[in-house]
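The lines below spell out each chain.
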Amino acid sequence: QGQLLAKSWSSLFGGQSGAALRAPIYSFNGRSVLADPLWPRRLAWHGSTARGGHARRWDCQGWRSSGTAEGMATALGEGRLLAGHRHNCSTP
């Protein structure tokens, strides 16, 4: 009943940066993540390489609030699921 996010699981991770996001994204309480001010940064945290592999050094695993670790995240407005950049793991 929802909108198609990707044609297949593998298409999410194909190519340089994965699938282009074409459908709206809603939180579990029905808010639009791309429009609601509750998500000012609108990042999708994934800890993956551009090809969908585990970015071991950049996954925020083991991060603590006092740390300076970085993890891979994608700004949802970029339109590519895995076009990630390193962000401080403390970024909300």
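Summarised in this report is the structure supplied together with it. Just so we're clear, the structure is a prediction, and the values are computed from it rather than from any experiment. (Residues numbered from 1 in each chain as written. Predicted model: local features only at pLDDT ≥ 70, side-chain atom pairs only at ≥ 80, totals over all residues. Heavy atoms only, no water.)

### Here we look at the sheet that holds strand β3 (residues 85-88)
The condition is simple: Two strands pair under a simple rule: DSSP has to find at least two bridges between them. Only DSSP runs of H or I reaching four residues or more are called helices, and only runs of E reaching two or more are called strands; each is numbered from the N terminus. Lines fitted to C-alpha atoms define the axes, with helix axes restricted to the stretch in contact, and inter-axis angles between N-to-C directions lie between 0 and 180 degrees.
Sheet architecture is open: 3 strands sit in the order β1-β2-β3, paired in antiparallel fashion. Every interior strand has two partners, whereas the edge strands, β1 (43-45) and β3, have only one. Pairwise comparison of adjacent strand axes, ignoring direction, gives a mean angle of 55 degrees for this sheet. Sheet topology places strand β2 (residues 70-75) next to β3; 4 bridges connect them, and they run antiparallel. Residue pairing in the sheet places G71 in a bridge with H87 of β3.

### Observations concerning unusual backbone geometry
Put simply, the test is: Throughout, exposure labels follow a simple rule: accessible area from a 1.4 Å probe, protein chains only, divided by the maximum for the residue type, with under 20% read as buried, over 50% as exposed, and the rest as partly exposed.
You will see that R42, though not glycine, has its phi angle at about 50 degrees, which is positive. By the secondary structure assignment, R42 is in the loop between α1 (9-12) and β1. Classification of R42 as partly exposed rests on a relative accessible area of 23%. A positive phi is found at C60, a non-glycine position, where the angle reads about 65 degrees. Mapped onto the elements, C60 comes out in the loop between β1 and β2.

In short, shape yes, function no, at least from these values alone.
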